[in-house]
Amino acid sequence: VARTISGIILICFTRNILPVIVGFIIFRWLINAIYWHRVKPLTSNYKWRINTKFFNTFLKTTPQFAGILTLFLIIRFAGQIMVPWIEGDTAAGYFAIVYQFLDLILLVPTAFTINLMPILSRKAEISVLDLTRTCNQAMKLISFLILPCTLFIFVNCESIISIIFGVQYDPSVLL
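All chains use their own residue numbering, which begins from 1 and follows the written sequence. Where local features are concerned, this predicted model is filtered to residues with pLDDT of at least 70; where side-chain atom pairs are given and counted, the filter is 80 or more; whole-chain, interface and lining totals use all residues. Remark: hydrogens and water are excluded; side-chain values derive from all non-hydrogen atoms of the structure.

Quick look at the overall build of the chain
From N to C terminus, the chain includes 6 helices and 0 strands. Numbering of helices and strands runs from the N terminus, with a helix taken as a DSSP run of H or I at least four residues long and a strand as a DSSP run of E at least two residues long. Starting at the N terminus and walking to the C terminus, you meet the elements of the chain as α-α-α-α-α-α. For the accessible areas, the method is Shrake-Rupley and the probe is 1.4 Å, while residue cover comes only from the protein chains on display. Accessible surface for the chain amounts to roughly 12300 Å². Of this, 72% is attributable to carbon and sulfur atoms.

In structure tokens:
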């Protein structure tokens, strides 16, 4: 959310896509540093290695998680490969605006799911009933939090883009 808001602020004030990209990079590394700072104490009693038993359970019991992760990475970075094809700052701005909404609509539930994968794999290792119960709770959480936000953005995208970015970016509404 902070990264998306910073991207919106940067595009509003600079009207240039380069500061937005730099801002995204800074936020990505900042979040990684914060995440590692929080996770490192949890791993201090263990050797730094992959738990092969858990990894095998992950691949055998619930192989769709590996597929979800792979597809997520492809979808997440496919748009950035298209940036060189975009000509001019305005077109890049259209791309950036759409990417902001893509982050909100697709990335949040996908990131939530990816973060749940280890928990779901451990539940699958215990029993199918535990896995089912956890999946149902996760679906309820995703539905109650993210679905209303997604619908709100979808229904009001024209107004939201006009208010935040101005009428010059109205062509991005179609995207």
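We are not done yet, so read on.
Structural notes on the confidence of the model for the chain
The predictor's confidence in any single residue is recorded as pLDDT, a number from 0 to 100. Mean pLDDT for the chain: 76, with 77% of residues reaching 70 or above. Model confidence for the chain, summarised as mean pLDDT per element, is weakest for helix 4 (residues 64–82) at 68 and strongest for helix 1 (residues 2–14) at 84.

Description of empty space enclosed by the protein
Both site types are read off a 1 Å grid over the protein atoms alone. A 1.4 Å probe that fits but cannot get out defines a cavity, while an open set with protein on both sides within 12 Å along at least five of seven lines defines a pocket; lining residues have an atom within 4 Å of a point. Grid points are joined across faces, edges and corners, and a volume is the space filled by probe spheres set on the points. This structure, assessed with the given rule, holds 1 cavity of 30 Å³ or more. A volume near 40 Å³ is recorded for the largest cavity. Considering the residues around the largest cavity, the lining is formed by Gly7, Ile8, Ile11, Val20, Ala96, Ile97, Gln100 and Phe165. Those elements giving two or more residues to the lining of the largest cavity turn out to be helix 1 and helix 5 (88–126). Under the scheme applied, nonpolar residues are Ala, Val, Leu, Ile, Met, Phe, Trp, Tyr, Cys and Pro; charged residues are Asp, Glu, Lys and Arg; polar residues are all the others, including Gly. Of the residues in the lining of the largest cavity, the class split is 6 nonpolar, 2 polar and no charged.

With respect to the pattern of salt bridges
Any carboxyl oxygen of Asp or Glu within 4 Å of a side-chain nitrogen of Lys or Arg constitutes a salt bridge here. Counted under the stated rule, the structure contains 1 salt bridge. Notably, a salt bridge pairs Asp130 with Arg133, separated by 3.1 Å at the nearest N-O pair. With a gap of 3 residues between them, Asp130 and Arg133 both fall in helix 6 (residues 128–165), about one helical turn apart. Relative accessible area decides the class of each residue, using a 1.4 Å probe on protein chains only: under 20% of the type maximum gives buried, over 50% gives exposed, and in between gives partly exposed. With a relative accessible area of 42%, Arg133 lands in the partly exposed category.

With respect to the packing of aromatic side chains
Only rings of Phe, Tyr and Trp enter the pairing, Trp through its six-membered ring, and a pair is recorded when the two centres are within 6.5 Å. The plane angle decides the type: under 30 degrees is stacked, over 60 is edge-to-face, the rest tilted. Within this structure, the stated rule accounts for 0 aromatic pairs. One cation-aromatic arrangement involves Arg3 over Phe24; the distance from NZ or CZ to the ring centre is 4.9 Å. Only lysine NZ and arginine CZ atoms are considered, and such an atom sits over a ring when it is within 6 Å of the ring centre and within 35 degrees of the ring normal.

As for the environment of Glu125
With respect to the helices and strands, Glu125 occurs in helix 5. Since its relative accessible area comes to 35%, Glu125 is described here as partly exposed.

Observations regarding a nonpolar patch on the surface
Where nonpolar side chains cluster on the molecular surface, the patch consists of Leu18, Ile21, Val22, Ile25, Ile26, Trp29, Leu30 and Ile34 and spans about 800 Å² of accessible area. Considering the arrangement of structural elements, one finds Ile25 in helix 2 (residues 17–43). Only residues whose relative accessible area exceeds 30% and that form no salt bridge enter a patch; like-charged residues are grouped when within 9 Å of one another, and nonpolar side chains (Val, Leu, Ile, Met, Phe, Trp, Tyr) when within 5 Å.

Remarks on the nonpolar core
Judged by nonpolar contacts, the single largest core of 14 residues is most densely connected at Ile97, Phe101, Ile161, Phe165 and Tyr169. Going through the elements one at a time, helix 1, helix 2, helix 5 and helix 6 are the ones with two or more residues in this core. We call a set of buried residues a nonpolar core when its members are Ala, Val, Leu, Ile, Met, Phe, Trp, Tyr or Cys and they connect through side-chain atoms within 4.5 Å of each other. In this structure, Leu116, Leu120, Ala124 and Ala138 belong to the second largest nonpolar core, which totals 5 residues.

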